[in-house]
Amino acid sequence: MSKTPIHVAVTGAAGQIGYALLPRIASGQMFGPDQPVVLRLIEIPHEKAMAALKGVAMELEDCAFPLLRDMVLTSDVNEGFRDANWALLVGAKPRGPGMERGDLIKENGPIFVGQGRAINDHASADVRVAVVGNPCNTNALIAMHAAKDVPNERFTAMTRLDQNRAEAQLAQKAGVAVSEVHNMLIWGNHSATQVPDFKNATIGGKPADEVITDHEWLKNDFFSTVQKRGAAIIQARGLSSAMSAANGLIDHVHDLVNATADGSWRSVCVPSDGSYGVTEGLISSFPVQSDGQGGYKIVQGLELGDFLSGKLKASVAELEEERETVADLLS
Ligand SMILES: NC(=O)C1=CN([C@@H]2O[C@H](COP(=O)(O)OP(=O)(O)OC[C@H]3O[C@@H](n4cnc5c(N)ncnc54)[C@H](O)[C@@H]3O)[C@@H](O)[C@H]2O)C=CC1
Ligand SMILES: O=C([O-])CC(=O)C(=O)O
């Protein structure tokens, strides 16, 4: 017997990431090859955006995905998040050349108040939220505060793209396939202060910093390539990462709905419980292990050493500053 469809709400559905993301959800890559979905597609109430959304929906129809049971197209957030089991908050303005993601905070932050409230009031009791719109950690914090009745741990933000970028860089440097790289972890904020952890990653089962003996490269080029990859894509494409961002979100949600293999973890931004000295309540990237039943835990006991600990402190300080900037949206 076929499973009950799950309702997946996606904001910014007519945007770049939406275009790369929706066919992958509808084809089963996010929730599995036997899980039907209803897509609830949310856009701004502008004629052009809604017309573009209609076009995207027509294309989805034309793909004839067997798992796609229905689509709702709306600019009303209450309708969009109604009965949603997952809310994927993608819709927001992307940065342009020369900007940092944090520069978007005043413009994008307010979007997440209304969306948080609508999720609170209309989504399914088991709703889980993944925020992609930048600055994603602080936007997730805003939505979490606005959704007073939804447990805080249901709110996540995405550093999986950064993790994937870091894996690719390590694999290239070591001259191995990317499948040899495991437990690559990003700590902190999805920003230029993020901390790609080369100490706890492994390559071919050995610590990455034993396989790659050029530690100056790990601390300098590797670090800054991963931290600044988003800007490099904007520079090259004239638009921000969309295909790889959609791919990161597929991985992020897929790995939260399935149990993580023992002894491994994924980078997920979740509300801090104070682990690793990260200020409690901030949404920061941690090593996360999912139980596959809707729960997860922050993996404990990893050693960071002085270099990575110092970098994490700076990233946490930035998250605190962002929280201060949006204090009026958190009441
Ligand atoms: N966390 C991450 O790793 C990444 C985050 N991003 C962020 O994702 C966001 C979206 O990026 P793109 O799809 O490339 O941008 P885009 O400009 O192509 O699309 C954004 C879409 O969101 C819609 N939108 C804006 N406000 C909305 C609202 N209140 N409700 C519903 N829809 C709304 C717009 O009409 C537009 O169609 C940006 O903030 C970008 O910076 C992008 C790449 C990676
Ligand atoms: O860099 C940007 O503005 C978009 C983004 O978050 C990324 O590609 O990591």
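This structure is a prediction, so every number in the text was calculated from the model and none was measured.

A few points about the sheet that holds strand S7 (residues 181-182)
Okay, so step 1: Read from one edge of the open sheet, three strands run S7-S10-S11, paired in antiparallel fashion. If you trace the sheet from one side to the other, it starts and ends with S7 and strand S11 (206-207), each paired once.
Okay, so step 2: Note that S7 and strand S10 (residues 202-203) share two bridges and pair antiparallel. If you follow Val181 over to S10, its bridge partner there is Ile203.

Thoughts on the site of ligand 2
Okay, so step 1: Inspection of the region around ligand 2 gives Pro94, Arg95, Arg101, Asn134, Leu161, Gly230, Ala231, Ile233, Ser240, Ser241 and Ala245 as its neighbouring residues.
Okay, so step 2: For the shell around ligand 2, the element with the most residues is helix H10 (residues 229-237), which contributes three residues.
Okay, so step 3: Partitioned by chemical class, the residues of the shell around ligand 2 number five nonpolar, four polar and two charged.

Notes on helix H7 (residues 160-174)
For an α-helix, the turn length of 3.6 residues means that residues three or four places apart are oriented alike.
Okay, so step 1: For H7, with 15 residues, the first-to-last C-alpha span of 21 Å sits near the 21 Å given by 1.5 Å per residue.
Okay, so step 2: For H7, the full list of buried residues reads Arg160, Leu161, Asp162, Gln163, Asn164, Arg165, Ala166, Glu167, Gln169 and Leu170.
Okay, so step 3: Once H7 finishes, Gly175 follows within two positions and takes phi at roughly 70°, a positive value.

A short note on the domain arrangement of the protein
Note: interface size is frequently given as the accessible area lost on complex formation between the parts.
Okay, so step 1: According to the domain assignment, the protein consists of domain 1 (6-157) and domain 2 (160-325).
Okay, so step 2: Placing a centre on the C-alpha atoms of domain 1 and another on those of domain 2 gives a separation of 23 Å.
Okay, so step 3: Every contact between the two is made by 33 residues of domain 1 and, on the other side, 30 residues of domain 2.
Okay, so step 4: If you list the elements that add at least two residues to the side of domain 1 that touches domain 2, you get helix H1 (16-26), strand S4 (86-89), helix H6 (136-146) and strand S6 (155-157).
Okay, so step 5: Ranked by the residues each element gives to the side of domain 1 that touches domain 2, the list is headed by H6, at six residues.

Conventions used here
- Residues numbered from 1 in each chain as written.
- Chains lettered and ligands numbered in written order.
- Predicted model: local features only at pLDDT ≥ 70, side-chain atom pairs only at ≥ 80, totals over all residues.
- Pairing = 2+ DSSP bridges.
- Helix = DSSP H or I, 4+ residues; strand = E, 2+ residues; numbered from the N terminus.
- Near = placed C-beta within 6 Å.
- Nonpolar A, V, L, I, M, F, W, Y, C, P; charged D, E, K, R; others polar.
- Expected span 1.5 Å × (residues − 1).
- Buried ≥ 20, exposed ≤ 12 C-beta atoms within 10 Å, placed from the backbone.
- Domains from an automatic or database assignment.
- Contact = placed C-beta atoms within 7 Å.

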